[in-house]
Amino acid sequence: MRRDVVAATLGIGALVGVLTVHLLVSSSAGGPVAVPDVPAYLSIAQWLGSNGLAPENLAFQPGFGLLLAPLVWVAQISELPTQGESVHYIALVANSMAATAAVAVAGWLGWRMSGRWWVCAAGAAIAAMHPSLSSASRIAWSETLLVLALLAIAVAIARAGLAATSRSSQRSWAVAGLVATLAVALHARAVVLVVAVVVTAAVTRTGRRTWLGLAAGLLVGGGTTALALSLTGTWPIARLSDAAELDRGWQTVATVSGQLLALGGGTVGLGLVGLSIGMVAAVRLLRGRGAPESPVAAVAVFVSVGALAVVLLGGWTLVGSDRVDTVLYGRYVDPWAVPLAVVALAWISTQRSRRHTHMLITAAALALAAYAAVLGVPGMLNGEPRRIMTLSLSPAWSLADGRLAAVASAAVVLTFAGIALMAVALRQPNAATDPESQPEPPQARRSDLSRTRMLPCAAVVAAVLTLASAATVSNHRHLAGVGDIARDQVTAAAEVADVFRAGGLSCLAHDRTMVPSYAMWLYRMELPSIRHERVSLTSGRTSCSEFVIAHDGLDERCTNARHLVDEPAGAWALWFLPDRRCALPAA
């Protein structure tokens, strides 16, 4: 009893520490580092919770913004002249809380699947440090909530496997279906969670009552998500149409393979081992050879099916870019890294036989095949990698100076190193469950387990935490600089706000010829009550406003333009254009 109290106290203290660090970081984050994603999410919150105009042609799901809207309303940020930094801070605080909750749920999942304290602690530690969650206080995107939803569904499925009655199992599957469908409101690719839940229920041969519970959850969650998409006009039809028109070819194989390699490297092999466990478990269950009630098997199937689906979906949508990071892309699959790592550790800790190494062989084969596919790409893509898309392997990208072949080599070495350590762990007798070991008193068996399998696994966990810590520090330094730049790219918004309050402005024009499109998103977040419109000043058409955001040299193209405010960190400025029309220089 005393030991449980001490463990609970340490756990709560660790969670408080994680939340405190996140909140301290979020207080100095600056401007958004992912545009137009973040301003698009926050525009929903500003529309419903502040005095913002309804966003038009929004290509992103509204779930995150809907959750933030009550917080924005309570904060009364509509009273501020510019709102961008305040609403961004609110979003980062919400993400910090979600990341802390994910750490707790990851530990709970490890305990549910294994009953081992060290799996619980390792899962929570990996969740705290892995970039998919450790960047939550810097990037106000919905991926943090996606990780939390994924972990919550995994816990529900684990509880269903351990449920003593069919009614308890029914409630757990209803929760899984509800959370999976609600997650689609966060991001369109979360639809893979719905697919994974249904596939898992089918593979584990759930009963009729369980299917009724799952159907109820899917119906309620699906209806709620459909209503949210309809009310906000955010059906992802345009993005689906664009993806359907992409020219497929060899690059699809490379983008799929590269995501698998990024998953393996970013988790030092644990991610690919967890994926292999789920694939093999699904095959065994379909052949009637597995235990459907096993929480490890059911959770492994769910997480691996979702990961494979998102990798295939990402491989489809990433085709066409010339950036090298799209071939070793981490953003899409990173939310599955922590759950897959927990699955791998739980499986090793509960594995009965020392002979079951085929999971590791499968993971090694996947890594080797992915590496071979990625090696055929260098030299064909020339675009610079984006740090925000490669957070889990950012140290390798920095040290290799963006060279794809070098980063891929580092990823495959990390993956094989982790698999080798897990092979050592698996070859040790698991005295708690191994039928080949000699019977011993319970306390001796627990001690034997801690001396054998836990030590090699601890080495893997230490390697994951070392890589994750290096990536977290590197990412935060980089993202802090990007946030400072973003904040100093919209200083003219204060001048525009003064004119707006005086009643002399209803629209802010943005020159599409020389100013990047993301600049308009930044100004829209600062000034949500003003209409923003991209215009071509040299076309001879009338602008929507005399006030225009345009390139620093606008007066060379429009002789009547008058410079008002320069942006310290941007190649554009605020200009005044009399009569809303550009006077072209004489020929």
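Provided above is the structure to which this section pertains.
Just so it is clear, the model here is predicted, and its values are computed rather than measured. (Residues numbered from 1 in each chain as written. Predicted model: local features only at pLDDT ≥ 70, side-chain atom pairs only at ≥ 80, totals over all residues. Heavy atoms only, no water.)

Turning next to the packing of aromatic side chains. Scanning the entire structure with this criterion turns up 5 aromatic pairs. With 6.2 Å between their ring centres and 75 degrees between their planes, Tyr-41 and Phe-64 make a pair best called edge-to-face. Separated by 23 residues along the polypeptide, Tyr-41 in helix H2 (residues 37-49) and Phe-64 in helix H3 (residues 63-75) bring together distant segments of the chain. Taken as a pair, Tyr-41 and Phe-64 share a single burial class, namely buried. Between the aromatic rings of Phe-547 and Phe-576, the centroid separation amounts to 5.4 Å while the plane-to-plane angle is 75 degrees, which identifies the pairing as edge-to-face. In this pair, Phe-547 sits in strand E3 (residues 547-551) while Phe-576 sits in strand E5 (residues 572-576), placing the two residues 29 residues apart along the sequence. Since its relative accessible area comes to 11%, Phe-547 is described here as buried. An aromatic cluster is built from Tyr-41, Phe-60 and Phe-64, whose rings are joined through pairwise contacts. (Phe/Tyr/Trp six-rings, centres within 6.5 Å; stacked < 30°, edge-to-face > 60°. Helix = DSSP H or I, 4+ residues; strand = E, 2+ residues; numbered from the N terminus. Buried < 20%, exposed > 50% of the residue type's maximum accessible area, 1.4 Å probe, protein only.)

Attention now goes to the sheet that holds strand E1 (residues 507-511). Reading across the sheet, the 5 strands line up as E2-E1-E3-E5-E4 and stay open at both edges, with mixed pairing between neighbours. If you trace the sheet from one side to the other, it starts and ends with strand E2 (531-535) and strand E4 (562-566), each paired once. Averaged over neighbouring strand pairs, the angle between their axes works out to 30 degrees when direction is ignored. Taken together, the 4 bridges between E4 and E5 define a ladder with antiparallel strand orientation. When the bridges of E5 are listed, Val-565 appears paired with Leu-574. (Pairing = 2+ DSSP bridges. Axes fitted to C-alpha atoms, helices over the stretch in contact; angles between N-to-C directions.)

Our next topic: the pattern of salt bridges. Enumeration over the complete set of coordinates arrives at 10 salt bridges. Here Glu-85 ties to Arg-487 by a salt bridge, and the two come within 3.1 Å at their closest N and O atoms. You can see Glu-85 sitting in helix H4 (residues 84-114) and its partner Arg-487 sitting in helix H20 (residues 454-487), a full 402 residues away along the chain. Given the relative accessible area of 38%, Glu-85 is considered partly exposed. Assessed through its relative accessible area of 32%, Arg-487 is described here as partly exposed. (Salt bridge = Lys/Arg side-chain N within 4 Å of Asp/Glu carboxyl O.)

Purely geometric numbers; function is a separate question.
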